[in-house]
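Chains, contacts and geometry: an overview
Each chain is listed here by its residues.
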Amino acid sequence: MSISTLLAALLALTSVAYIAGRRRAVVGSASAPIRTFHSLPGYYGGYVALWCLLPALALLAIWVVVEPIVLRAAVIDSLPPELAELPEDRFGLFLADVRNLVDGNLVFGAPDPAVQAAAERYAEVRKTSRHLLLGSLLVVGVASLVFALRRVQPAMRARIKVEKAIEYLLIGASLVAILTTIGIFLSVLFEALRFFRLVSPIDFLFGLEWSPQTAIREDQVGSSGAFGAVPLFVGTLLISGIAMLVAVPVGLMSAIYLSEYAGPRMRSWAKPLLELLAGIPTVVYGYFAALWVGPALRRLGDALGLEVASESALGAGLVMGIMIIPFVSSLSDDVINAVPQSLRDGSYGLGATKSETIRQVVLPAALPGIVGAVLLAVSRAIGETMIVVMAAGLAANLSLNPLEAVTTVTVQIVTLLVGDQEFDSAKTLAAFALGLVLFLVTLALNVVALRVVRKYREQYE
Amino acid sequence: MRMFRQATAEAMQPATTPRQTTAREPAPSAAPTYRTVGDHRAANPIITARDVNVYYGDKHAIQHVNLDIGLNEVIALIGPSGCGKSTFLRCLNRMNDTIESARVTGEIKLYDEDIYSKQMDVVMLRARVGMVFQKPNPFPKSIYDNVAYGPRIHGLARDRTELDEIVQKSLERAGLWNEVKDRLEEPGTGLSGGQQQRLCIARTIAVSPEVILMDEPCSALDPIATARIEDLIDELRQNYAIVIVTHSMQQAARVSQRTAYFHLGRLIEVGKTEEIFTNPRHKLTEDYITGRFG
Ligand SMILES: Nc1ncnc2c1ncn2[C@@H]1O[C@H](COP(=O)(O)OP(=O)(O)OP(=O)(O)O)[C@@H](O)[C@H]1O
Ligand SMILES: [Mg+2]
C-alpha cells in the first residue's frame, strides 16, 4: 500500500466530511432551523473537512518521517552481526539494494542470500507498518470528523474559523518561499566562510589573478591556485555594460513607442511579441551568440583589420542586451503609462508637440521609475549565465577590451562545480564565495531598484 | 496620433461645404432638430463656432452648437454633468485630437481662420488658445520651469533675462509671485492645491494666449483659493477672452458676462448672465438654475 493510495483514501474521507458538515447545516434541526446558523452551509462543510483532514495529515507526515528509521532498525536487528557492523556508507548501499529488491527494481546479478533475507524482513515490517498507518488514519480521521460534526451548531462561527485556516494556508505558502531564500543564503554563506578560512577575503576581492586549479599532487606544475576575483568582476561588468548599452536605448525607445505612439491595435500585438523575447530560453540565446554573432563579429573584425576573438565580450554582451530589452521596455512602459494623462494634457494644452511632451514632461516624470527598471535589468544581466558560458569564453583575462575573451562570475561558478569535485577543496568552495558576492550585489540592486520604483508610484497615487 | 491625422484629413475638405460621410459614420442630421434660445453672437468675437458636432464613436456628444466667444468677456458654460461642456471646450483648441474616438464636424474660426483646416498648426493654435484644467496639473519641475515651459517651446524669449521677465510677469498676473518669489527653484508639485492652480494659470498666460479655456478650475479648491482665482479671472478679462466651465451657479453669476446652458449635448440657451439668472427663457434652463434639476 503506497503513501499515495493512503492519501487518496484520506481525501475521500475529507469529501465525505465536507458533505456531511454542509448537510448538517443545510438541514438544521427542529431546535436549530437553517437561518439560525451563523455562516453559510459551505463554511460548515469546510470546517468539518479541515478537522477531518489536518490531524490525519499530520499523522501521515510524522509516519513518513519515522517509518524509514523503524524499518532500518528492524533490518539491522535481523541481520547477522558481520553485516550489521558494516561501515555507514557500505551499509547505505546494502540498504539500497534491499529496497530495490523489495520494490522490484532491477538488481544486478543474482541477489545475495543476505540481501534476500533482509528484503523479506523489510517487506514484512513495512506491510505491518502500512496496515497500522491505515488503521490509525481512519481512527483519527473519523474521530475528528465526528468531533467536528457535533460542533456544527448555529452559534459556532464556522466562517471565521475557515477564513482563518485559509489565512494560515497562505502564510504557509509564502513562508516556503521566504524560508527557501533564507536557507539558500545561509548555505552559501557558510560554504563561503569555509572558503575564506583557506583564502583571505582581501586576496579574493582584490587579487588580480584567477586560476583556481589547485595542485592535487605535490609535484604538479602550473597549478598555483590563485583566487583573485577581480578579472571576473571586470569581465562581468564589461559584459553587463555592453548589454545595458544595447538594452537601455532600444528598450526605452520601444517603450516610448508602445506607450505614446502605438495605437491600441498595434500595442495589443506588439507588446506581447516583445515580451516573448523574455520567454526564449537563455540557452537558445547562447547558441545564437556562439554560432552566429561571434563568427559574424570576427569576420567584421577581419574586414576592418581588428583582432576579434571568436568568443568575445562584445558578442556575449550584444546578445545579452537583446535578451534584456523586454525587461527594460516592459517595466518602462508601465512607468510611462503611470504618468498621469493630465500632465500630458497640460503640455499639449500649452502647444507642445508630442516629442516635446515626451522629452520634457513624460520622461522626466517617469525617470525614477525608469532608473528602477534599468537597475533591475542590470541585476538580471549580472546574474545571467548561459549566454556567457557559451559565448564569452573561459579565459580569465583582466581586460577592458570588448574584443577579447573574458569570463564572468557566473561562468566561473559553473566551471568550478561541473564535473567530479571534492566539495572541500578551495576550488569548489570558491564557487560559493563567488555566489555570495553575486547574491549580495544583485540583492542590493534589487532592493534599491524596488525602492525607487515604489517611491515613484506613491508620488502619483 | 491617429486621431490627429484623421482630424487633419477631415479638415482638408473646404470648411464651408458639408463634410462627406462614410458608411460607418453616423450621418450628421443636416438640420438642427432644436433651436437655441437667445443670441449666440458676441459683440467682439474672437472665436465663432458654427454648427459644431462632436461624436465619440457613435455617440453624438455635441449637437449643432453655434456660439461666439468675445474679447474682454468671460463666458460661463453651465449644465448638468455629462451634457458636453468639457467636450465643447476642448473643441476650441483641438484638445479632442488626443482622444482616439472623437470626431468633430462644423466650423470653428479663430478670427477668420478655420482652426480645423489643414493650414492651422495645432501648436500655434494651442499657444493662442490656452487651457487650464480641472485638477491642477503642474509638471514635476521647478516653479520657474513650469512657467517657462511654454515660452521655451515656443521660443518666446531671446535670453535668460527675457525669460525671467516673462516668468515674473506671469506669476504676478496669476497673483502668485509674492508667495513663490523666494522659492522659484522648488518643485511646483510642492505647492498647495490653490497655489498649484494659480501656477497652472501663470503657465498658461506665460505664452500670452488670446483665449483662455478653463474647465472647472476651482472644483478642487477651497472657498478662499476659489475667491482668489475668481478675482484673477476678472482681471485677466481685460486682455483675454475667457471660457469657463463651472458647476457653481454663484461662480457663473459672479465671474461671467455671458452664460451658455448645455443640456444633453445641445446648447439650450445663451445670453447675458444677469438675464439668464434672473429671467431664464427656456424651461430647462430655469429648472437647472433654480435647482429643480440636476
Ligand atoms: N473620451 C470619451 N469617449 C467617449 N465618450 C466620452 C468621452 N468623453 C466624454 N464622453 C461622453 O460625452 C458626453 C459629454 O461629456 P463631457 O465630459 O463633455 O461632459 P461634461 O459636461 O464636461 O460633464 P462634467 O460636468 O461631468 O464634467 C458624456 O456623455 C460622456 O460620457
Ligand atoms: Mg467636464
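You'll find the structure just up there.
1. Thoughts on the pattern of salt bridges
- Counted under the stated rule, the structure contains 24 salt bridges over all chains.
- Note that Glu167 of chain A is salt-bridged to Lys164 of chain A, the shortest N-O span being 3.6 Å. Of this pair, Glu167 of chain A and Lys164 of chain A are both found in helix α6 (residues 158–198), 3 residues apart, which corresponds to roughly one turn of the helix.
- Relative accessible area serves as the criterion here: at 37%, Glu167 of chain A is assigned to the partly exposed category.
- A relative accessible area of 40% means that Lys164 of chain A is categorised as partly exposed.
- Put simply, Arg254 of chain B and Glu230 of chain B hold a salt bridge, and the shortest N to O gap is 2.6 Å. With Arg254 of chain B in helix α9 (residues 249–255) and Glu230 of chain B in helix α8 (residues 223–236), the pair connects residues that are 24 residues apart, well separated along the chain.
- Three or more residues joined by partner-sharing salt bridges are found here, namely Arg267, Lys271, Glu275, Asp333 and Asp334 of chain A.

2. Points about the pairing of strand β8 (residues 241–245) of chain B
All names here are of chain B.
- For β8, the tally of buried residues reaches 5 of 5 residues, placing the bulk of the element in the interior.
- Where burial is concerned, the two faces of β8 agree: the one with Ala241, Val243 and Val245 and the one with Ile242 and Ile244 are both buried.
- Bridging between strand β3 (residues 74–78) and β8 involves 4 bridges; their strand directions are parallel. When the bridges of β8 are listed, Ile75 appears paired with Val243.
- For strand β7 (residues 211–215) and β8, the ladder comprises 5 bridges, and the chain directions are parallel. Paired with Met214 across the two strands is Ile244, which belongs to β8.
- For the handedness criterion, the β-α-β arrangement of β7, α8 and β8 is classed as right-handed.

3. Overview of the interface of chain A and chain B
- Taken together, the contact between chain A and chain B spans 22 residues of the former and 24 residues of the latter.
- In total, chain A and chain B occlude about 1800 Å² of area from one another, counting both sides; carbon and sulfur atoms represent 62% of this.
- On the surface where chain A and chain B come into contact, there are 0 salt bridges.
- Here chain A and chain B share 4 residue pairs in polar contact (both at pLDDT 80 or more) between them.
- Going through the elements one at a time, α9 (264–279), α12 (341–349) and α13 (354–383) of chain A are the ones with two or more residues in the side of chain A that touches chain B.
- Considering only residue class, the side of chain A that touches chain B consists of 9 nonpolar, 9 polar and 4 charged.

4. Some words on empty space enclosed by the protein
Residues and elements named next belong to chain A.
- Inspection of every chain in the model, using the stated rule, returns 3 cavities of 30 Å³ or more.
- Size it by volume and the largest cavity reaches roughly 50 Å³.
- Every residue along the wall of the largest cavity is listed here: Leu6, Ala9, Leu10, Leu13, Leu134, Leu137 and Leu138.
- For the lining of the largest cavity, the element with the highest residue contribution is helix α1 (residues 3–27), accounting for 4 residues.
- Looking at the lining of the largest cavity residue by residue, the classes come out as 7 nonpolar, no polar and no charged.

5. A few points about the side chain of Ser142 of chain B
All names here are of chain B.
- Within the secondary structure, Ser142 is located in the loop between β6 (129–132) and α4 (143–154).
- Owing to a relative accessible area of 9%, Ser142 belongs among the buried residues under this scheme.
- A polar contact is formed between the side chain of Ser142 and the backbone nitrogen of Asp145, at a distance of 3.1 Å.
- If near-sequence neighbours (up to four positions away) are discounted, Ser142 is found in contact with Leu184, Glu185, Glu186, Pro187 and Gly188.

6. Some words on the site of ligand 1
All names here are of chain B.
- Near ligand 1 lie 13 residues; those nearest to it are Ser81, Lys85, Ser86, Thr87 and His247.
- One of the backbone nitrogen or oxygen atoms of Gly82 is found 2.8 Å away from an oxygen atom of ligand 1.
- Note that an oxygen atom of ligand 1 is positioned 2.6 Å from one of the side-chain N or O atoms of Ser86.
- In isolation ligand 1 exposes 630 Å². Once the protein is present, 65% of that is buried.
- The set of elements that each furnish at least two residues to the shell around ligand 1 consists of β2 (59–70) and α2 (85–91).
- Tallied by class, residues from the shell around ligand 1 come to 4 nonpolar, 6 polar and 3 charged.

Conventions adopted
Residue numbering note: each chain is counted from 1, following its sequence as written. Chains carry letters from A onward and ligands carry numbers from 1 onward, assigned in written order. Under the rules for a predicted model, residues below a pLDDT of 70 receive no local features and side-chain atom pairs below 80 are neither given nor counted, while totals for whole chains, interfaces and linings still include all residues. Note: side-chain values were computed over all heavy atoms of the structure, leaving out hydrogens and water. Note on definitions: salt bridges are taken to be side-chain nitrogens of Lys or Arg within 4 Å of carboxyl oxygens of Asp or Glu. By definition, any uninterrupted DSSP run of H or I lasting at least four residues is a helix, any uninterrupted run of E lasting at least two residues is a strand, and each is numbered from the N terminus. Burial classes follow relative accessibility: with a 1.4 Å probe on protein chains only, a residue under 20% of its type's maximum area counts as buried, one over 50% as exposed, and anything between as partly exposed. Strand pairing requires that DSSP identify at least two bridges connecting the strands. A crossover gets the label right-handed when its path from the first strand over the helix to the second runs clockwise, viewed with the strands pointing away from the viewer. What makes two residues a contact is simply this: any of their non-hydrogen atoms within 4.5 Å. Summed over both partners, buried area is the accessible surface (1.4 Å probe) that two parts give up on being assembled. Here a polar contact means two N or O atoms within 3.5 Å. Within protein one must be a hydrogen donor candidate and the other an acceptor candidate, and residues neighboring in sequence count only if both atoms are side-chain atoms. When residue character is reported, Ala, Val, Leu, Ile, Met, Phe, Trp, Tyr, Cys and Pro are called nonpolar, Asp, Glu, Lys and Arg charged, and the others, Gly included, polar. Cavity means a closed set of points on a 1 Å grid over the protein atoms alone, one where a 1.4 Å probe fits but cannot get out, pocket means an open set with protein on both sides within 12 Å along at least 5 of 7 lines, and lining means a residue has an atom within 4 Å of a point. Grid points are joined across faces, edges and corners, and a volume is the space filled by probe spheres set on the points. Throughout this document, a residue counts as near a molecule or strand when at least one of its heavy atoms sits within 4 Å of that molecule or strand. Note that accessible areas follow from Shrake-Rupley with a 1.4 Å probe, and for residues the cover is restricted to the protein chains shown.

Geometric values such as these leave the question of function open.
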